[in-house]
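This is what each chain is made of:
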Amino acid sequence: MSPKTQGIILRINTTDGKNTYITAYTIDHGKTTYIVRGLGKNEAKLKIALMPFAYSRIISSLSAGNSVIARAELIEDFYPKKDSLREEIAFYFLDLIDQLTEVEVKDKHIIILLLSALNLIKKEHSQRFYLLMLAYFPLKLSYYLGYFPKVKTSSRINNFVKLVSKKPFSYIKKSSLRDVSLKKVFRFAN
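Let me begin by describing the structure that accompanies this report.

Calculation notes
- Residues numbered from 1 in each chain as written.
- Predicted model: local features only at pLDDT ≥ 70, side-chain atom pairs only at ≥ 80, totals over all residues.
- Heavy atoms only, no water.
- Helix = DSSP H or I, 4+ residues; strand = E, 2+ residues; numbered from the N terminus.
- Buried < 20%, exposed > 50% of the residue type's maximum accessible area, 1.4 Å probe, protein only.
- Contact = heavy atoms within 4.5 Å.
- Salt bridge = Lys/Arg side-chain N within 4 Å of Asp/Glu carboxyl O.
- Pairing = 2+ DSSP bridges.
- Expected span 1.5 Å × (residues − 1).
- Bend = angle between axes of the 7 residues up to and from the residue.
- 1 Å grid on protein atoms, 1.4 Å probe; cavity = no way out; pocket = protein on both sides within 12 Å on 5 of 7 lines; lining within 4 Å.
- Points joined across faces, edges and corners; volume = space filled by probe spheres on them.
- Nonpolar A, V, L, I, M, F, W, Y, C, P; charged D, E, K, R; others polar.
- Phe/Tyr/Trp six-rings, centres within 6.5 Å; stacked < 30°, edge-to-face > 60°.

On to the overall build of the chain. A count of helical and extended segments in the chain gives 7 helices and 5 strands. Taken from N to C terminus, the helices and strands of the chain fall in the order β-β-β-α-β-β-α-α-α-α-α-α. A total of 190 residues make up the chain; the buried ones form 43% of that total. Pairs at least 24 residues apart make up 59% of the contacts formed inside the chain by residues separated by at least 6 positions.

This part takes up the pattern of salt bridges. Think of it this way: side chains of opposite charge can pair up when their charged atoms draw near. Here the structure, examined in full by the defined rule, presents 5 salt bridges. A salt bridge links Asp98 to Arg11; the nearest nitrogen and oxygen atoms lie 2.6 Å apart. Of the two residues, Asp98 sits in helix α2 (residues 84-100) while Arg11 sits in strand β1 (residues 4-14), which places them 87 residues apart along the sequence. On the accessibility criterion, Asp98 (5% relative accessible area) is buried. In this structure, Glu124 engages Arg86 in a salt bridge whose closest nitrogen and oxygen atoms are separated by 3.4 Å. A residue pair is termed long-range when its members are at least 10 positions apart, and Glu124 in the loop between α3 (108-122) and α4 (127-144) and Arg86 in helix α2 qualify at 38 residues. Taken together, the shared-partner salt bridges connect Arg11, Lys31 and Asp98 into one network.

Turning our attention to the pairing of β1. The pairing of β1 with strand β4 (residues 54-63) spans 5 bridges and is antiparallel. Directly across from Lys4, in β4, lies its bridge partner Ile59. Bridge count between β1 and strand β2 (residues 19-26): 7 bridges; the pairing is antiparallel. What sits directly across from Ile8, in β2, is Tyr25.

Taking 1.5 Å of rise per residue, the 18 residues of α4 would be expected to cover 26 Å, and the 26 Å separating its terminal C-alpha atoms lies within 8% of that figure. Residue Tyr136 marks the point of greatest curvature in α4, where the axis turns by about 25°; the proline Pro138 follows within four residues. Buried within α4 are the following residues: Phe129, Tyr130, Leu132, Met133, Ala135, Tyr136, Phe137, Pro138, Leu139, Lys140, Leu141 and Tyr144. Within two residues after α4, Gly146 carries a phi angle of roughly 90°, on the positive side.

This part is about unusual backbone geometry. One non-glycine residue, Phe53, lies in positive phi territory at about 75°. Summarising the element assignment, Phe53 is placed in the loop between α1 (44-49) and β4.

Roughly 180 Å³ of internal volume is contained in the second largest pocket. Together, Lys4, Thr5, Leu46, Arg57, Ile58, Ile59, Ala70, Arg71, Ala72 and Glu73 line the second largest pocket. When residues of the lining of the second largest pocket are traced back to their parent elements, those giving at least two are β1, β4 and β5 (66-77). Among the elements that take part in the lining of the second largest pocket, β5 stands out by supplying 4 residues, more than any other. Among the residues making up the lining of the second largest pocket, the classes are represented as 5 nonpolar, 1 polar and 4 charged.

What follows concerns the packing of aromatic side chains. The full count for this structure, using the stated rule, is 7 aromatic pairs. Pairing Tyr79 with Phe91 gives two aromatic rings, centres 6.4 Å apart and planes at 80°, and the pair type is edge-to-face. Pair noted here: Tyr79 is in the loop between β5 and α2 and Phe91 is in helix α2, with a separation of 12 residues, a long-range link. You can call Tyr79 partly exposed: its relative accessible area is 29%. Aromatic side chains Phe93 and Phe137 sit 3.9 Å apart centroid to centroid with 20° between the ring planes, which places their arrangement in the stacked category. One end of the pair, Phe93, is in helix α2; the other, Phe137, is in helix α4, with 44 residues separating them in the sequence.

In structure tokens:
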């Protein structure tokens, strides 16, 4: 495993006073759990780079078979600070990635999806836009995880798979202001 990578911090688990376990989705390794020693001490730079929603450069080393973070540097903070709806949606997206992805199975599409979603959540949009994201993100993630059919099926499902297989959020960026958008995304379920 390469000691240098970039990733989004998904979760922090503190087990004792000495070690903290950080789960991140990284570009090079997929979902990975790191050990951070002494994070409880007053090391502000390291704390900021290892908070949830932080997109950070991570330098680690192997110690007794575990990846231990030696240094971390914040690239961008995606924490939605102004709105509780956006915060809840962002936590939901992080939790989906954490729960549905396997450890050390990398997929560049997933990290691009998460980065673009967090970037859109950070900006001000209409409530309809966020609701459309809430519907679209799990579908897009399911597509990347391989839960959509690869063979020809009914035209309705084929149209939906084509919609979801586009670049992350390209569909909702173009059509989020129309009332028809939500209907198109949810129509496949009826």
